[in-house]
Amino acid sequence: MITVDNLTHFFDGEPALDGVSLTIEDGEWVLLAGPNGSGKTTLVRHFNALFEPDSGEVTVDGTPAGDDPVAARTSVGMVFQSPRDQFVAATVGADVAFGPENLGLDHDEIDRRVEAALAAVQMAGREDERIDSLSGGEQARVAIAGALAMEPDHLVLDEPFAGLDWPAQRSVLRQLDDRYAEGMSIVVVTHDVRDLLSRADSVVGLRDGSVVFDLPPEQARDRLSEIDVRTPGDSSD
Amino acid sequence: MLTYTPGSTVVHRLDPRTKLCFQFGFAVAAFATPTVLRLAGLFVVGIASLSLSGLAIREALRAYWFVLLVLLLGPLIAAITLGSPWLRLDPAIESLRSVARIVPILFVSAAYIHATPVRDTRAAIQQTIPGRPGQLLGVGVALTFRYIPVLRDDLRQIRDAVSARGGDTRSMQDRTGRIATLILARALSHSDRLSVALQTRCFAWNPTLPRLEFARRDYLVLGATVLLAATVFVPL
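Each chain has its residues counted from 1, running along the sequence as written. Key to labels: chains lettered from A, ligands numbered from 1, both in the order written. Residues qualify for local features only when their pLDDT is at least 70, as the model is predicted, and side-chain atom pairs are given and counted only at 80 or more; totals for whole chains, interfaces and linings, by contrast, use all residues.

**Notes on unusual backbone geometry**
Reasoning step 1: Residue B:Pro85 follows B:Ser84 across a cis peptide bond; omega there is 10 degrees.
Reasoning step 2: For B:Pro85, the position within the fold is in the loop between α5 (65–79) and α6 (89–100).
Reasoning step 3: Of note in this structure, A:Glu159 is not a glycine but carries a positive phi near 45 degrees.
Reasoning step 4: One can find A:Glu159 in the loop between β7 (154–158) and α7 (166–181).
Reasoning step 5: On the basis of neighbour count, A:Glu159 is assigned to the partly exposed category, with 18 C-beta atoms found within 10 Å.
Reasoning step 6: Not every positive phi belongs to a glycine, and B:Trp86 is a case in point at roughly 70 degrees.
Reasoning step 7: Numbering of helices and strands runs from the N terminus; a helix is a DSSP stretch of H or I covering at least four residues, while a strand is a stretch of E covering at least two. Relative to the assigned elements, B:Trp86 resides in the loop between α5 and α6. With C-beta atoms placed from the backbone, the exposure class of a residue follows from how many other C-beta atoms lie within 10 Å of its own: 20 or more, buried; 12 or fewer, exposed; in between, partly exposed.

**Observations regarding the sheet that holds strand β4 (residues 55–60) of chain A**
All names here are of chain A.
Reasoning step 1: Think of it this way: DSSP has to see at least two bridges between two strands before they count as a pair. What the four strands build is an open sheet, ordered β2-β1-β4-β5; its pairing is antiparallel. Edge positions in the sheet fall to β2 (14–24) and β5 (63–64), since each has one partner strand and no second.
Reasoning step 2: Here strand β1 (residues 2–11) runs beside β2; their pairing, made up of eight bridges, is antiparallel. In the strand pairing of β2, Val4 is matched with Leu22.

**A word on the interface of chain B and chain A**
Reasoning step 1: Facing 22 residues of chain B, the contacting portion of chain A comprises 27 residues.
Reasoning step 2: Among the secondary structure elements, those contributing two or more residues to the side of chain B that touches chain A are α8 (118–128), α9 (131–164) and α10 (172–200) of chain B.
Reasoning step 3: A total of seven residues in the side of chain B that touches chain A trace back to one element, the largest contributor, which is α10(B).
Reasoning step 4: A breakdown of the residues in the side of chain B that touches chain A according to their chemical character gives 13 nonpolar, four polar and five charged. Placing a C-beta atom from the backbone of each residue, one calls two residues in contact when those atoms lie within 7 Å. Only Asp, Glu, Lys and Arg are considered charged in this grouping, and only Ala, Val, Leu, Ile, Met, Phe, Trp, Tyr, Cys and Pro are considered nonpolar; every other residue, Gly among them, is considered polar.

**Brief notes about the nonpolar core**
Reasoning step 1: A:Leu31, A:Leu32, A:Val96 and A:Ala145 are the most contacted members of the largest nonpolar core, which totals 78 residues.
Reasoning step 2: Among the elements that take part in this core, helix α6 (residues 136–148) of chain A stands out by supplying seven residues, more than any other.
Reasoning step 3: Those residues in contact with A:Leu32 that sit more than four places away from it in its chain are A:Lys40, A:Leu43, A:Val44, A:Val187, A:Val189, A:Val204 and A:Leu206.
Reasoning step 4: To define a nonpolar core, we join buried Ala, Val, Leu, Ile, Met, Phe, Trp, Tyr and Cys residues through C-beta atoms within 7 Å and take the resulting set. One finds B:Leu2, B:Val11, B:Leu55 and B:Tyr112 within the second-largest nonpolar core, a separate group that totals 19 residues.

Everything listed here is a matter of coordinates, which is why it stays silent on function.
In C-alpha cells:
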C-alpha cells in the first residue's frame, strides 16, 4: 500500500504539491488525472523517493519511502512518459536486465526475471533486438518490462500513451490489464482519461498541486470538468 | 553511426577483455615505425577485423568520414609551403605515412564497437581495473556509448527544425551558435532524465555484471596479439 499524508513539495518557493493526502491500496487501479502543471509527476516521484517531501510523508508498504529508497524503488516500478529517457542499454535484454543487475541478483535469477518480464509484455525471445529498431508501442512495452523485472508490487506509469498510436495504446493497455489481473496495483498519470476511466477503481483529480477529488470513477465522471482533462465524448471544440 | 549490433560472428563471441587487449596490441604495432610493408599488414588485419565482425568496410568509412577528412588535412597542410615551390611532396608523404596508421586502428575499433555490448565493455573494464577507478571508467564508458546516439538524433532534429523554417539562409555563425546552444540544453535535459531513470532502477556502482569467460579462441587471439605487438622489434 502507498500512503501519502499531507505531502507538500516546493519548487523555487512555489508549491508544486500542497497538502496532498491519498491512499493507494494493493491491487487497486488508480488514475491520477489533472492538467499540465497540476503536480501529478511530482507526486509519483515521491512514491519511489526520487524527491524528498518538504513536509508530510509518503510510505510504501508501511515504510517511509525516503528511509529505504531501494525498497521503495523495488516495490514501486516506474515507467516514464518517454521510454527513450528510460533506456540505459542498446538491446532489449540488456535494458530489462539493468534493474535486477543493480540489485546484485545472481545471473540465473536475472535471466529468469528478464525472461518473465519480456514474456509478460509479449516480447519473449527478443532480448537481442536493438531498442532503437522497435516501434513506439514495442518500446513502451520494453519500458514496462524494465519496471516489471524489478518485480514491483505497484506499477506507476507517467503519461504512458503520449505519442503512441491507437494499436500501440491498446497493446500497452492489455499489458496493464494483465498486471492488474495478477494483483499488481496500477497508477496511471494522465491528462486524458478516455480509455482509462472504465478500468479504474478510483480517480484522483489534481489541480494546482492539490487533490480536488478522490472518488470512484462513476462519481468522478461528473467532476472531471473541474480539472480540465480530456474525457470520453470530448471533441476538440 | 556505429553502435553494437547483435550477431554471432567470431568477433561477437570473443571475450571483451580479449578484444580490448587486441586493440591495445594493434595500436602498439601501428605506432611503430610506419614502413609501407608494416602499414600494408596493418590494413590487412584491420580489414580482416571488420570482415570477421560482420561490418562492411564502407559502413566503417561512413561512420568515420569526419575523422578521415581531418586526417587527410595533415598531408595537405604538410605539402604546402609559404613560398616557392608552394607544394612539396616529401613532407606530404611522410605525413601521410603517419596518419595512415590511424586508419586501421579505426577499423579495429569499429569492429569492436559493432560486436561488443556496452555492458560487456563495462564488465571487462571493471574486472580488469579493480576498485572505484574501474567502476568510474566502466560507468563512464557505458553512459558515453548510451548518450552518443541520443545526441546525434537531437542534432539531426535541431538541424531539421532550423532548415524547416528557412534557417539555412542565415549565416554560418548564427546557425552554429543556435545549434550549439540547443544541443547543450538538450544534453543537460537528457542527463537530468537519465539520472532519474538510473535512480528509479536502483543504479549501483557495482552491480551483477555479465559473465565473462575465456574460451580457446580467446587464447588464440591473445597469442596473435602478442605476436602482433612483438613485430615492433622486427625490422620490416
